[in-house]
Amino acid sequence: MTDPRTHEAISPDLAAYSMDALDDEARELVEQHLAGCEDCTSELEELMEGAANLAFAVPTVSPPPGLQDRINAAIDADMN
């Protein structure tokens, strides 16, 4: 399959691609385009680096006491 889309058409899909959020057809088009487009490859690398850094961008928060017990009780009640 030849990629019919241009750089401008592929670029908006790169963020979704970096998060594995594209369907098979769109993913294949992006991958084919990436094979020959240094600009999109570079943009994808930046997006993936940014996504990886998100995990460190927010402070760690401890759950409130008893949360796990309340979750388990809700699951048990739903299963009965």
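Scroll up to find the structure.
Right, let's walk through the structure included here. Everything quoted here is computed from the prediction, not taken from an experiment.

## Focus: the overall build of the protein chain
Here is step 1: The helix and strand tally for the protein chain stands at 5 helices and 0 strands.
Here is step 2: Ordering the α and β elements of the protein chain from the N terminus gives α-α-α-α-α.
Here is step 3: Its C-alpha radius of gyration of 20 Å places the protein chain more than 25% over the 12 Å reference for a compact globule of 80 residues.
Here is step 4: In terms of overall dimensions, the protein chain has a C-alpha envelope of 55 × 35 × 15 Å along the principal axes.
Here is step 5: For the protein chain, the proportion of its 80 residues judged to be buried stands at 18%.
Here is step 6: Across the protein chain, the fraction of contacts at a sequence separation of at least 24, relative to all contacts at a separation of at least 6, is 57%.
Here is step 7: Accessible surface computed for the protein chain: about 6100 Å², of which carbon and sulfur atoms make up 55%.

## Some thoughts on the pattern of salt bridges
Here is step 1: Within this structure, the stated rule accounts for 2 salt bridges.
Here is step 2: Its salt-bridge partner being Glu31, residue Arg27 comes within 4.0 Å of it at the nearest N-O pair. Of this pair, Arg27 and Glu31 are both found in helix 3 (residues 24-34), 4 residues apart, which corresponds to roughly one turn of the helix.
Here is step 3: The network of salt bridges with common partners includes Asp24, Arg27 and Glu31.

## Quick notes on the state of the cysteines
Here is step 1: By the definition in use, this model includes 0 disulfides.
Here is step 2: Looking at Cys37, it has no disulfide partner, and the nearest cysteine sulfur is the one in Cys40, 3.7 Å off.

How each quantity is defined
- Residues numbered from 1 in each chain as written.
- Predicted model: local features only at pLDDT ≥ 70, side-chain atom pairs only at ≥ 80, totals over all residues.
- Heavy atoms only, no water.
- Helix = DSSP H or I, 4+ residues; strand = E, 2+ residues; numbered from the N terminus.
- Rg over C-alpha atoms; globule rule 2.2 N^0.38 Å.
- Buried < 20%, exposed > 50% of the residue type's maximum accessible area, 1.4 Å probe, protein only.
- Contact = heavy atoms within 4.5 Å.
- Areas by Shrake-Rupley, 256 points an atom, 1.4 Å probe, with all protein chains shown as cover.
- Salt bridge = Lys/Arg side-chain N within 4 Å of Asp/Glu carboxyl O.
- Disulfide = S-S within 2.5 Å.

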